[in-house]
Amino acid sequence: MSAAPAEMKENAEANAKWLDAHYDPVANLYTFSPCIALADLQGDGENKLVVGDLGTGVCSMKLKVYRGTSMMSENTLLDLPTGLVSFFMDQHEPRTPAIAVASGPFIYVYKNLRPYFKFTLPTLEVNPLEQEVWSQAKEDMIDPLSLKEMLEGIRDKADIPLSVRSLKFLMLDPQEMEAFVNVHKQQPIRRQTVITCISTLKKNMADEDAVSCLVIGTESKDVFVLDPEAFTILSQMSLPSAPTLMDVTGQFDVEFRITVACRNGNIYVLRRESPKPKYCIELSSHPVGLVRVGKNVVVGCAQETLQGYTQKGKKLWTVYLPAAITAMGLMDHHSRGFQAVLVGLASSEVHLYRDKNLVSTIKTPDVVTSICFGRYGREEGTLIMTTKGGGLMVKILKRTAVFEDRDMAPGPPLAQSIRLNVPKKTKLYVDQTMRERENAVAMHRTFQMDLSRLRLAVARAYVKALESSLTPMSSSLAEPLKMNAVVQGLGPSFKLTLNIQNTAACRPVMNLAVSFLYDETLYSMRSAFFQIPLLVPGLNYPIDTFVECLSDKGISDIIKVFVLREGKSAPLLTAHINMPVSEGLALN
């Protein structure tokens, strides 16, 4: 019964921050976050929603543009889109951005909602053995079955992978091979890679409408930076694995940083004039989302965790999520100076995290597959989401909305991550450092000598305490006891008084006994074992007994006292009593 009010409270908090502007459950949009963007395509001051629709996955792939709640145009795509970005490719007036759609080995560029240019990735090196085998097939020197055996041998041993034509041929049934060879044997072999992710990089200015380069990651483990006007390759960098997610910051002509999540479960950082990665972040599971917030990188992992890292790869925090991540996006509200990470979950929720703190939760009618936040139309704070069932949701951030940090994640407090204001080095500090460097050996020897003297003094004090048994204390926390002993008399009869005290706060101690251990040739006692009454906390209990000295040689010995729990052999408390020398002889 208590879960329902809590859920209603969360919904009320979410409704207090967001307005439900539009929801169409049958919009027939099937896409993910890299294939959705907001851009002012017509230069009229109103941003449009551009979506790369996956269709059925085989057909009906389209580039759709929405204005408000209605679709204003669509273009057919020849292959599945893997990414979509808007960018300014020139300085011409009017200043309208272009749309680049990555699909297969091509980038389709649209200007003014019309096809403008198609860029094709450079072809890869073809395996010479594969080329030789297909040349023999072209001359009818080998049959299809022999061709299959030779291609399988090349596939298993060669360093250069086979082309798509050979891979398709190896997948065919024996009765289909001859027809496939007759169709393709006259055509030259080409090995083409495909684009896996795409982003943009400012050319030489940081303005919002500055000219930007295209940055693309490919299945062949390469990252290309393309010139925005001539579409030539300005820079090529290689990675240990195929990239899947990408975040780019900086300027190409000055300094830039490309953060890439790869298929091997690692994140690499590429920098200017560095053909190989500068830093590497090893994750415990594969990344499913990558968002840059300020100078930090937030990574969503397949193990239902959200992790924060510095741009050099140092781990900052980890948040454990209640469900798997389905979409991630950046919430950057420029007018408020507010940045956070939007995380869509498989539990039909969208969580808003600022660092590791959950600041808002949005309930959705279906699982969210893509998230985009920004200016839509003329409204600054608009959240656009598409769902697994093909729906489209639009929410608007209220102007009165306030996000408060709620530290819901276990770990150190938020204040611990604030850097201390360490003062600058003073002249005294520098002089002291120089002195320590010059006299390091002598200072170490002096420290070791003082440490040895301290240990010797502690050992002597401990031995002295054991010999005199001054006010022994119980070592058991369950039975906190304190005892001291007093010897009275000149001999041969001595009165031995034990003062026992219960040092507990409020709990009495019972079922205790006292036992004495002594040399029976020197001393005799009326009773060497007797019980202790119940000990009330804080009170001192004196227990008296008498000791008779049996020796006339003027010698003395130690009497050991043990306080035990009835039925237990291990003593709770031990004391050593040094008996004085007797002045007379006991009369027998």
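Thresholds, definitions, all that
- Residues numbered from 1 in each chain as written.
- Predicted model: local features only at pLDDT ≥ 70, side-chain atom pairs only at ≥ 80, totals over all residues.
- Heavy atoms only, no water.
- Helix = DSSP H or I, 4+ residues; strand = E, 2+ residues; numbered from the N terminus.
- Rg over C-alpha atoms; globule rule 2.2 N^0.38 Å.
- Buried < 20%, exposed > 50% of the residue type's maximum accessible area, 1.4 Å probe, protein only.
- Pairing = 2+ DSSP bridges.
- Axes fitted to C-alpha atoms, helices over the stretch in contact; angles between N-to-C directions.
- 1 Å grid on protein atoms, 1.4 Å probe; cavity = no way out; pocket = protein on both sides within 12 Å on 5 of 7 lines; lining within 4 Å.
- Points joined across faces, edges and corners; volume = space filled by probe spheres on them.
- Salt bridge = Lys/Arg side-chain N within 4 Å of Asp/Glu carboxyl O.
- Core = buried A, V, L, I, M, F, W, Y, C linked by side-chain atoms within 4.5 Å.
- Contact = heavy atoms within 4.5 Å.
- Parallel < 35°, antiparallel > 145°, perpendicular 65-115°, else oblique.
- Left-handed = near helix turned anticlockwise from the far one by under 90°.
- Nonpolar A, V, L, I, M, F, W, Y, C, P; charged D, E, K, R; others polar.
- Phe/Tyr/Trp six-rings, centres within 6.5 Å; stacked < 30°, edge-to-face > 60°.
- Lys, Arg positive; Asp, Glu negative; His and termini not counted.
- Polar contact = N/O pair within 3.5 Å; in protein donor to acceptor, adjacent residues only side chain to side chain.

Secondary structure assignment for the protein chain yields seven helices and 36 strands. Here the C-alpha radius of gyration of the protein chain, 41 Å, is well above what a compact globule of 588 residues would show, namely 25 Å. Summarising its shape, the C-alpha atoms of the protein chain cover approximately 130 × 70 × 65 Å along the three principal directions. For the protein chain, the proportion of its 588 residues judged to be buried stands at 44%.

The next point concerns the sheet that holds strand β36 (residues 571–578). The four strands are arranged β33-β31-β35-β36 in an open sheet whose pairing can be described as antiparallel. The open sheet is flanked by β33 (529–532) and β36, the only strands paired with a single partner. With strand direction ignored, the average angle separating the axes of adjacent strands in the sheet is 20°. Pairing analysis gives six bridges linking strand β31 (residues 512–517) to strand β35 (residues 558–565), with the strands arranged antiparallel. Within the sheet, the bridge partner assigned to F516 lies in β35 and is V561.

Rolled over the atoms, a probe sized like a water molecule indicates the empty space that remains. In the structure shown here, the tally under the stated rule is one cavity of 30 Å³ or more. The volume enclosed by the largest cavity comes to roughly 50 Å³. Looking at the largest cavity, the residues that line it are L41, L63, V65, N75, P97, I99, Y110, K111, N112 and L113. Every element with two or more residues in the lining of the largest cavity is listed here: β4 (62–67) and β8 (106–111).

So, about the pairing of strand β20 (residues 305–310). Here β20 lies mainly inside the structure; six of its six residues are buried. Residues T305, Q307 and Y309 of β20 are buried on one face, and the alternating residues L306, G308 and T310, pointing to the opposite face, are buried as well. Of the pairings in the sheet, the one linking strand β19 (residues 296–301) to β20 comprises six bridges and is antiparallel in character. Bridged to C301 within β20 is T305. Here β19 folds back onto β20, and the loop between the two strands holds three residues, one of which, E304, carries a positive phi near 60°. Sheet topology places β20 next to strand β21 (residues 315–320); five bridges connect them, and they run antiparallel. If you follow L306 over to β21, its bridge partner there is V319. Here β20 folds back onto β21, and the loop between the two strands holds four residues, one of which, G313, carries a positive phi near 100°.

The four strands are arranged β1-β28-β27-β26 in an open sheet whose pairing can be described as antiparallel. Sheet topology places β1 (18–24) and β26 (368–376) at the edges, where each strand pairs with a single neighbour. Across the sheet, the mean angle separating the axes of adjacent strands is 20° when strand polarity is ignored. Summarising the sheet, strand β27 (residues 379–387) and strand β28 (residues 392–397) pair through five bridges and their orientation is antiparallel. Bridge pairing links T386 to L392 in β28.

Under the defined criterion, the tally for this structure stands at 15 salt bridges. Notably, a salt bridge pairs R378 with E46, separated by 3.5 Å at the nearest N-O pair. Here E46 lies in the loop between β2 (36–39) and β3 (48–53) and R378 lies in the loop between β26 and β27, a separation of 332 residues in the sequence. Take R378: its relative accessible area is 57%, and that puts it in the exposed class. One connected set of salt bridges, linked through shared partners, spans E46, R67 and R378.

Another aspect to go through is the nonpolar core. V514 and F516 are the most contacted members of the largest nonpolar core, which totals 29 residues. Among the secondary structure elements, those contributing two or more residues to this core are β29 (481–488), β30 (493–502), β31, β32 (523–525), β33, β34 (540–549), β35 and β36. Not counting chain neighbours up to four residues away, the residues in contact with F516 comprise L496, L498, M525, S527, A528, F530, T545, I559, K560 and V561. Listed in part, the 19 residues of the second largest apolar core include W18, I362, M385 and F403.

So, about the packing of helix α3 (residues 144–157) against helix α4 (residues 164–171). As a packed pair, α3 and α4 sit with axes 10 Å apart at the nearest point and diverge in direction by 120°. In terms of orientation, α3 and α4 fall into the oblique class. Relative to α4, the crossing made by α3 is left-handed. Judged by residue contacts, P144, L147, K148, L151, E152 and R155 of α3 engage S166, L167, F169 and L170 from α4. Of the residues in the contact of α3 with α4, the class split is six nonpolar, one polar and three charged.

Attention now goes to the pairing of strand β18 (residues 287–293). Burial analysis of β18 places six of its seven residues in the buried class, the great majority of the element. With six bridges joining them, β18 and β19 adopt antiparallel strand pairing. Bridge assignment links V291 to a residue of β19, and that residue is V298.

Bringing unusual backbone geometry into the picture now. The backbone of L113 sits at a positive phi, close to 65°, despite the residue not being glycine. For K221, which is not a glycine, the phi torsion comes out positive at approximately 70°. One can find K221 in the loop between β11 (212–218) and β12 (222–226).

Here we take up the packing of aromatic side chains. Inspection of the entire model under this criterion finds seven aromatic pairs. On the basis of an interplanar angle of 70° and a centroid distance of 5.9 Å, the ring pair of W134 and F169 is categorised as edge-to-face. Note that W134 is positioned in helix α2 (residues 128–138) and F169 in helix α4, a separation of 35 residues in sequence. For F169, a relative accessible area of 0% corresponds to the buried category.

A few words now on the side chain of R165. You can see R165 is positioned in helix α4. For the buried residue R165, which engages in no salt bridge, the nearest side chain bearing the opposite charge is E130, 6.8 Å off. At 3.2 Å, the side chain of R165 and the backbone oxygen of P188 are in polar contact. For R165, the residues in contact, after removing those within four places along its chain, are W134, F180, H184, K185, Q187, P188 and I189.

We now examine the environment of T361. Inspection of the secondary structure assignment puts T361 in strand β25 (residues 357–363). Judged by relative accessible area, T361 falls into the buried class, the value being 11%. Spatially, the C-alpha atom of T361 lies 27 Å from that of D53, the residues being 308 residues apart in sequence.

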